[in-house]
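A closer look at the structure
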Amino acid sequence: MSAEGTDESSWALDPEDESGAVVAAVGRQLKMWREAAGFDRSTFAERMGYGADLTRKIESGIRIPRPEYLDKADGVLGAGGKIAAMKVDVEKARYPKKVRDLAKLESEAVELGAYASIVVHGLLQTDEYVRALYGLRRPAYPDEEIERLVTARMARQKVLGHPSAPLLTVVLEEAVLRRPVGGKMVLRGQLERLLEVGSLRHVEIQVMPTAVEEHAGLAGSLQLMRLKGGTTVGHNEGQLVSRLITDPKEVQILDMRYGMIRAQALTPRESLTFIEKVLGET
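Everything in this summary refers to the structure shown in the same document. Values in this document were obtained by computation on a predicted structure and should not be read as measured data.

**Looking at the side chain of Gln-223**
Within the secondary structure, Gln-223 is located in strand 4 (residues 222-227). A distance of 2.6 Å separates polar atoms of two side chains, one belonging to Gln-223 and the other to His-121.

**Quick word on the sheet that holds strand 3 (residues 203-208)**
Taken together, six strands build an open sheet; the order of strands is 3-2-1-4-5-6 and the sheet is mixed. The open sheet is flanked by strand 3 and strand 6 (242-245), the only strands paired with a single partner. When the angles between neighbouring strand axes are averaged without regard to direction, this sheet yields 15°. Here strand 1 (residues 109-116) runs beside strand 2 (residues 167-173); their pairing, made up of six bridges, is parallel. Opposite Glu-111, over in strand 2, you have Leu-167 as the bridge partner. Lying over the sheet, helix 11 (residues 248-264) contacts strand 1, strand 2, strand 3, strand 4, strand 5 (232-237) and strand 6, oriented at roughly 110° with respect to strand 4.

**Looking at the nonpolar core**
Leu-124, Leu-168, Leu-177, Leu-191, Leu-194 and Ile-275 are the most contacted members of the largest nonpolar core, which totals 36 residues. Counting residues per element, this core draws most heavily on helix 10 (residues 184-198), which supplies six residues. Beyond its immediate stretch of four places on either side in the chain, Ile-275 contacts Leu-177, Leu-191, Leu-194, Leu-195, Ile-205 and Val-207. Of all hydrophobic cores here, the second largest spans 16 residues; its members include Leu-30, Leu-54, Ile-58 and Met-86.

**Here's the deal with unusual backbone geometry**
The peptide bond linking Arg-138 to Pro-139 adopts the cis configuration, its omega dihedral lying at 0°. Considering the arrangement of structural elements, one finds Pro-139 in the loop between helix 7 (127-135) and helix 8 (143-156).

**What to know about the pattern of salt bridges**
Under the defined criterion, the tally for this structure stands at 15 salt bridges. Across the pair Lys-57 and Asp-53 runs a salt bridge, and its minimum N-O distance is 3.0 Å. A residue pair is termed a helical-turn pair when its members lie 3 or 4 positions apart in one helix, as Lys-57 and Asp-53 do in helix 3 (residues 52-59) at four residues. Overall, the relative accessible area of 18% leaves Lys-57 in the buried class. The salt bridge involving Lys-87 is made with Asp-71; its shortest N-O contact spans 3.0 Å. Taken together, the positions of Lys-87 in helix 5 (residues 87-90) and Asp-71 in helix 4 (residues 67-76) put the pair 16 residues apart, joining distant regions of the chain. Looking at Lys-87, the relative accessible area reads 30%, which means it is partly exposed.

Analysis parameters
- Residues numbered from 1 in each chain as written.
- Predicted model: local features only at pLDDT ≥ 70, side-chain atom pairs only at ≥ 80, totals over all residues.
- Heavy atoms only, no water.
- Helix = DSSP H or I, 4+ residues; strand = E, 2+ residues; numbered from the N terminus.
- Polar contact = N/O pair within 3.5 Å; in protein donor to acceptor, adjacent residues only side chain to side chain.
- Pairing = 2+ DSSP bridges.
- Axes fitted to C-alpha atoms, helices over the stretch in contact; angles between N-to-C directions.
- Contact = heavy atoms within 4.5 Å.
- Core = buried A, V, L, I, M, F, W, Y, C linked by side-chain atoms within 4.5 Å.
- Buried < 20%, exposed > 50% of the residue type's maximum accessible area, 1.4 Å probe, protein only.
- Salt bridge = Lys/Arg side-chain N within 4 Å of Asp/Glu carboxyl O.

Nothing here speaks to function; it is all geometry.
And the structure:
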């Protein structure tokens, strides 16, 4: 993607995504404003500095317009802020549906609990760490898709800054703290981030040392979300599957395992000291 954000190969809309109705409505509005201003598609695209094909796809609801596209269209068409205001309508559609669904649940939670066995939990990752993770995926993602996913991942973290932020407890495997995802400097930044977030009153980070013999989490990573209405749901993301767990019996098993994992790990205070030690060795 260029510095002007004029790449036309990104921000395709998932045809099964229900937010398509919003994107289509925005596209129709853009077309109406363009025609009312007396521009054909080619002339408008030239004024905008974007390709005519991208303009066609946005007006047809196939592509999600970027915020900067709407800002520029507002100026070119003299809309006085009416087009730019539609950024609010398409903001959520910018992120993959599964990310939006997970972020919605996290925003409704009063308590979030997670055990991360492979990489740092998503709510605790730095943008450099996230970018490195997606850069390692195979088959490889295009650069513009990596940026979209990084933006979506970082947007989820806004929940931690809300006045009514949920209690977040995370247990990380020792190996996660030592795996140099993105290289030594990225890892150092990530460890510093853990120390920073771990000092917040509503966040508790624990470390599961590799030397621990009894371990209730050997079946893999897990996440639990206790919602405001009293319901608890689980979430698990594997190689190709992101699964929401709502069956009470399955949630109960996850809850039991997570409680045991926390009991077997270092305490939050011991864990921060452990992370400081790993940082000093990195």
